[in-house]
There are 2 protein chains.
Amino acid sequence: MALDATHDPARRSWVDSANAAGCDFPIQNLPFGVFRREGEEPRGGVAIGEMILDLRAGLAAGLFEGAAREAAEAASGPALNPLMALGRGVARALRARLSELLWADGAERRRAQAAAGLLVPMREAELLLPARVGNFTDFMASIDHSGRLGAVARPESPLPPAFRYLPVAYNSRATTVVVSGAPVRRPLGIARREDKSVGFGPCAALDYELEFGVFVGPGNAMGEPLSMRQARERLWGYCLVNDWSARDIQRFEMAPLGPFLAKSLATSISPWVVTADALAPFACPARAIEPPPLPHLDSAENRESGGFDIALEAWLATPSLREPHRLTATNFRHMYWSFAQMLTHHASNGCKLETGDLLASGTTSGPEDHARACLAEINLTGPVTLPNGETRSYLEDGDEVIFRGRAEREGFVPIGFGECRARVLPAASWPQE
Amino acid sequence: MALDATHDPARRSWVDSANAAGCDFPIQNLPFGVFRREGEEPRGGVAIGEMILDLRAGLAAGLFEGAAREAAEAASGPALNPLMALGRGVARALRARLSELLWADGAERRRAQAAAGLLVPMREAELLLPARVGNFTDFMASIDHSGRLGAVARPESPLPPAFRYLPVAYNSRATTVVVSGAPVRRPLGIARREDKSVGFGPCAALDYELEFGVFVGPGNAMGEPLSMRQARERLWGYCLVNDWSARDIQRFEMAPLGPFLAKSLATSISPWVVTADALAPFACPARAIEPPPLPHLDSAENRESGGFDIALEAWLATPSLREPHRLTATNFRHMYWSFAQMLTHHASNGCKLETGDLLASGTTSGPEDHARACLAEINLTGPVTLPNGETRSYLEDGDEVIFRGRAEREGFVPIGFGECRARVLPAASWPQE
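Thresholds, definitions, all that
- Residues numbered from 1 in each chain as written.
- Chains lettered and ligands numbered in written order.
- Predicted model: local features only at pLDDT ≥ 70, side-chain atom pairs only at ≥ 80, totals over all residues.
- Heavy atoms only, no water.
- Phe/Tyr/Trp six-rings, centres within 6.5 Å; stacked < 30°, edge-to-face > 60°.
- Helix = DSSP H or I, 4+ residues; strand = E, 2+ residues; numbered from the N terminus.
- Buried < 20%, exposed > 50% of the residue type's maximum accessible area, 1.4 Å probe, protein only.
- Lys NZ or Arg CZ within 6 Å of the ring centre and 35° of its normal.
- Polar contact = N/O pair within 3.5 Å; in protein donor to acceptor, adjacent residues only side chain to side chain.
- Contact = heavy atoms within 4.5 Å.
- Buried area = accessible area lost by both parts, 1.4 Å probe.
- Salt bridge = Lys/Arg side-chain N within 4 Å of Asp/Glu carboxyl O.
- pLDDT = per-residue confidence, 0-100.
- Least-squares fit on C-alpha atoms with pLDDT ≥ 70 in both.

Engineer: Kindly report on the packing of aromatic side chains, identifying the contributing residues and their values.
Structural biologist: Under the definition given, this model contains 32 aromatic pairs over all chains. Ring centres of A:Phe212 and A:Tyr238 lie 5.5 Å apart, and the angle between their planes is 10°; this geometry places the pair in the stacked category. A residue pair is termed long-range when its members are at least 10 positions apart, and A:Phe212 in strand S13 (residues 210-216) and A:Tyr238 in strand S14 (residues 235-242) qualify at 26 residues. This pair shows no difference in class: A:Phe212 is buried, exactly as A:Tyr238 is. Aromatic side chains B:Phe32 and B:Trp236 sit 5.8 Å apart centroid to centroid with 55° between the ring planes, which places their arrangement in the tilted category. Of this pair, B:Phe32 sits in strand S1 (residues 32-36) while B:Trp236 sits in strand S14 (residues 235-242), and the two are 204 residues apart along the sequence. For B:Phe32, a relative accessible area of 1% corresponds to the buried category. Owing to a relative accessible area of 2%, B:Trp236 belongs among the buried residues under this scheme. These aromatic residues form a ring-pair network of at least three members: A:Phe212, A:Tyr238, A:Phe308, A:Phe332, A:Phe339 and A:Phe417. A cation over an aromatic ring shows up here: A:Arg11 above the ring of A:Trp103, its NZ or CZ 3.9 Å from the ring centre. Looking at A:Arg404, its charged tip hangs above the ring of A:Trp315, at a distance of 5.1 Å from the centre.

Engineer: Summarise the side chain of A:Asp357; cite the residues concerned and give the values.
Structural biologist: For A:Asp357, the position within the fold is in the loop between helix H11 (339-347) and strand S22 (358-360). Within the structure, the side chain of A:Asp357 is placed 2.8 Å from the side chain of A:Asn135, a separation counted as a polar contact. Beyond its immediate sequence surroundings of up to four residues, A:Asp357 is in contact with A:Gly134, A:Asn135, A:Val214, A:Phe215, A:Val216 and B:Arg173.

Engineer: I'd love a proper account of the interface of chain A and chain B, names of residues and values included.
Structural biologist: Interfaces are frequently sized by the accessible area removed from exposure as the parts join. The interface is formed by 63 residues belonging to chain A together with 63 residues belonging to chain B. For the pair chain A and chain B, the two sides together bury roughly 5,900 Å², of which 67% comes from carbon and sulfur. On the chain A side of the contact with chain B, A:Arg173, A:Leu257 and A:Phe260 bury the most area, a combined 14% of that side's loss. In this assembly, chain A and chain B are joined by two salt bridges. The closest approach of N and O atoms between A:Asp357 and B:Arg173, which form a salt bridge, is 2.8 Å. At the surface where chain A touches chain B, the tally comes to 11 residue pairs in polar contact (both at pLDDT 80 or more).

Engineer: Account for the confidence of the model for chain A, naming residues and giving values.
Structural biologist: Looking at chain A, the pLDDT average stands at 97 and 100% of residues meet or exceed 70. Across the predicted assembly, pTM comes out at 0.98 and ipTM at 0.97.

Engineer: Quick rundown of the pattern of salt bridges? Include the residues and the values.
Structural biologist: Residues and elements named next belong to chain A. Going through the model one piece at a time under the given rule, you end up with 64 salt bridges over all chains. Across the pair Asp24 and Arg406 runs a salt bridge whose closest N-O atoms are separated by 3.0 Å. Placement of the pair is Asp24 in the segment before strand S1 (32-36) and Arg406 in strand S25 (residues 400-407), with a sequence separation of 382 residues. Asp397 serves as the salt-bridge partner of Arg186, at 2.7 Å between the closest nitrogen and oxygen. Of this pair, Arg186 sits in the loop between strand S9 (184-185) and strand S10 (188-192) while Asp397 sits in the loop between strand S24 (391-392) and S25; the two residues are 211 residues apart in sequence, bridging distant segments of the chain. Take Arg186: its relative accessible area is 8%, and that puts it in the buried class. Salt bridges sharing partners connect three or more residues here, namely Arg37, Glu40, Arg43, Asp54 and Glu124.

Engineer: Explain the relation of the copies chain A and chain B to me, and be specific about the residues and the numbers.
Structural biologist: Aligned on chain B, chain A shows an RMSD of 0.0 Å; the corresponding rotation is 180° and the shift along the axis is 0.0 Å. Taken together, the rotation and translation relating the two chain copies correspond to the operation of a two-fold axis. Closest approach to the rotation axis within chain A is made by the C-alpha atom of A:Gly258, at a distance of 2.0 Å. In this assembly the copies share their binding face: 100% of the residues contributing to the interface of chain A also contribute to that of chain B.

This is the structure:
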């Protein structure tokens, strides 16, 4: 993917907070999201430092023309799907224009600063789900995750039989994808207890899974597969994903049809969608795999730049440990399969993908101990001890899990994803009616 | 569920074709669907004999009042979701009114016959998908299907470990649910070949699965489970489901996350939604199971009338065998789990169900040899020989699979589901771009 002026590390914004060291949203990022202020309709915006650029305000001020205007109009409603449907090129035009407008030394600075209500403090806004997620597919792209957990169950053959031939996946539940900040209720479910009895009650092994996700831009027609090139162009933008997992329920239910209620309790995503363009400087070669991918899952472009070098972290706060403690530090470059391969595989049977469909990587564990990206893996060497002496095998009510992601590369301004966080609520009581 | 005048076997319609012996759509049925005539907008209708009652025409003629009118308005658009969202009571009011209007001896006969354009010949209409299916969940409710196939893989323990404790299920793909008549393309996919190599190509083991499905009426809020009573009231209406299955792809991909591309190629459903009220006379006790269901999956109502006595059949026509040959004759009363149990289980972790969600039973095999409801089961005793001497292990291009369903009970007029049929097209070629 071509780099352009929007990636120029010398570019700084007149929005001061965007230039702070460690800021997730410098002018080089410009992720899209949906926000609402009290008494106003939900609308699309772009994160810049600690502010949100209100795309409706930008349209009202006449700041956009041509494709940039088309993009801003598509993004000014309560979900980004219309923008995603236009494909990456149109979003790129808006990105270029926003970069000009927000650039401290840009010719358009004065016009932008004069636009009424263009910037909204992020702390005054409610961040909403960025897209209507019609379908949510969860992959299992990390060989370290699969291998580490598989080694417990099948030491002689830890990986699933198909793992090295295709990106293993399942359809998960789209109706329970929620935005960061929404609390997550501990599920009720059926599991085998320690005394071997089977019973129904609150999940006793609630886990997080640190994942990375992509939104599909334009979809495909039913019955029409996508080539690797076509698939790559449809990977619209990225977010952090917490695929909450009820391990006791999962263990009991999943043979042979896969995880079901263990996963549909909730899936939290970060509110800002970082575009493929913003991530272009952080692309890296897809992992070299053996056997090599089947021809339809292979391309020179994918070998050269199908992966991403993105640091991903999971942190835990508890009711008595306010300062979060880091549980996981991994990197997306470890993934065995790339998103282009995942999407190509997904559509290879003619399955129809739709704009706004969310594909998640699966747990993003890497080879190092600190890169174990869920408690089920961390637990293999015993419970976690927190700085205040508490221990955790699995999550307790009131615990809060916080994900962060950050892409860095020499010669470029680092960008981040904001947080994906949620607190665990106690289980519901059973309806008495 | 209460029986009322709409179930009266003495009631005949002034639409003659509705009174013919063997007609699927007598006045006692009145299923809802969506149809389109050339040059007109899609709209809701009700099948009566060989005709469709156009609900918009009925509204225009002022035939409906109160709840019946509310229902007809909700059903007059391109999908029945708004009608389903109103719940069963509102649909029941419309059913009662339609029965009066179409009754040969009814006081409203003349008014109905005078209404312009009220009846449309079904053969002049295109039948469309009756609902927007946002989510499609496929269960595995037949112990005969699970046991028969499981005995091949695990003779010592044929049933999945959770089978007797919960209705095993997976999320399937909603975007590829299509209406009867739409052709189904043989999928491409990755499978292990006979020579043990792994390759990508056209599915070599395409199968049908004869299933029965239900549409969810009003949904639930995320985090709020449904009791058995609440779930039962949300089972809005029923259809036939062909869950096309690519067995070679399935065998290779499904460990451990379940079937994925083997199922998302297409799922065909019959166009008419037979309401819970129409099926009331054919309810039968849910199967007595051992161990008994966990308390939250049990209710007196379910034990008494959670099942359905519905004969289900699958037929095959081939390019050289025009007269269809019956492959399967089973009955839905054999199911181990009831739909009320399936829906209660589905929402038990707080998973949000939405109006128009489709839950399918899984392959509806019964204990008899002729009740094997997919080729994978039939194949266990060798390929099928057709009357013209052809044999089939799995489906070939050009084959057409036809499902029929019919409910009969002494003292009531039998009702049917119409057909769910589709022809197999050759696989797509891989995109060259």
